[in-house]
Amino acid sequence: MEQINCKICGNQTSIAFNAKVLRRYDVKYFKCSNCGYLFTETPYWLDEAYKNPINISDTGILTRNIYFSKIVSSIIYFCFDKSAKYLDYAGGYGIFTRLMRDIGFDFYWHDDYTTNLLARGFEKSESRYELLTAFEVFEHFDKPVDELEKMIKLSDSILFSTVILPREIPPKDWWYYGFEHGQHISFYAEKTLRTLAQKFEMNFYSFKNLFLISGKKLNPLKLKLIFILSHFGLNLYVKHRMKSLTETDSKKMLNHH
């Protein structure tokens, strides 16, 4: 039986199942019994999977970005320096960066695989940021520890989303596996993410499918309350208190060109 060590905690794993990825590759999935991490064998099919970086079935891309902008604007306003610089990591087409700048936060964009369409002129230029956001990114990581290390060099606070394993090994019809597009290769239990944070001696905060790994010691109850109230209009208060950068950005870009 093939043995492979967990990429997060180093413990031994076992084969969870095999599945057809991109409708043609027979891929092994491994499970760590210690931290709960579920991951594929070395993903040799990624070049093919990323021919279209934003996969065709991601119809929730706009709804998701709008939703996260409401929550993140509230968290930043009440827990971080609202006038600092922020970075959306693996920021796709630049939707989130533009939304956050429209609210009034000095957000920048970075993505190695996708073209910046909506936040042009606001690409990453600093070496450190107050906080880094990474939505629907962690499930794409082949080496989560190395990737988190890269992110921590940019900021000591990482706010990210991923869908947590609903049970130890979900059935094969679980939508998040994404066998058809082949881009999802890492799946986490909450314990896995906590283990990842501990590896870097950082604090871990969790709210549903949104997580924060931070060097800062924050009040978990305050964070939970902000998260809940963001669903009931707290973000509107924040938006009212902030000054949108939409107009100043437009002038800046006109002068820039």
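Only a predicted model underlies this, so the values are computations on that prediction, with no experimental measurement involved.

Moving on to the pairing of strand 10 (residues 210-214). Here strand 10 lies mainly inside the structure; five of its five residues are buried. Here strand 10 shows no split at all, with Leu210, Leu212 and Ser214 on one side and Phe211 and Ile213 on the other all buried. Both strand 9 (residues 203-207) and strand 10 contribute to a ladder of five bridges, which runs antiparallel. Across the sheet, the residue bridging to Ser206 is Phe211, located in strand 10. Remark: two residues form the turn of the hairpin made by strand 9 and strand 10, two consecutive strands paired antiparallel; Lys208 in that turn has positive phi of roughly 55°.

With that settled, consider helix 3 (residues 95-103). In terms of residue burial, helix 3 counts as a mostly covered element, since seven of its nine residues are buried. Every buried residue belonging to helix 3 is among Ile95, Phe96, Thr97, Arg98, Met100, Arg101 and Ile103, and all of these are buried. Residues of helix 3 that are buried in the fold lie against helix 2 (61-79), strand 4 (85-89), strand 5 (106-110), strand 6 (131-135), helix 7 (234-241) and helix 8 (246-256). One or two residues past the end of helix 3 sits Gly104, with phi positive at roughly 130°.

Taken residue by residue, helix 6 (residues 220-230) has Leu223, Ile226, Phe227 and Ser230 as its buried positions. The buried residues of helix 6 occupy one face: seen down the axis, they fall within an arc of 100°. Against the buried residues of helix 6 lie helix 2, strand 9, strand 10 and helix 7. Measuring from the side-chain oxygen of the N-cap residue of helix 6 to the backbone nitrogen of Leu221 gives 2.9 Å; that N-cap residue is Asn219.

The rules behind these values
- Numbering of residues starts from 1 in each chain and follows the order in which that chain's sequence is written.
- The predicted origin of the model limits local features to residues at a pLDDT of at least 70 and limits the giving and counting of side-chain atom pairs to 80 or more, whereas totals for whole chains, interfaces and linings rest on all residues.
- Here the side-chain values reflect all heavy atoms present in the structure, with hydrogen atoms and water set aside.
- In this scheme, a residue with accessible area under 20% of its type's maximum is buried, one over 50% is exposed, and one in between is partly exposed, where area comes from a 1.4 Å probe on protein chains only.
- Secondary structure elements follow DSSP: runs of H or I no shorter than four residues count as helices, runs of E no shorter than two count as strands, and numbering proceeds from the N terminus.
- When DSSP finds at least two bridges between two strands, those strands are taken to pair.
- Contact definition: two residues touch when any of their heavy atoms are within 4.5 Å.
- The reported arc concerns the directions from the helix axis to the C-beta atoms and nothing else.
- Residues adjacent in sequence count toward polar contacts only when both atoms are side-chain atoms; beyond that, a polar contact is any pair of N or O atoms within 3.5 Å, and within protein one must be able to donate a hydrogen and the other to accept it.

By themselves, these observations are geometric and do not establish any function.
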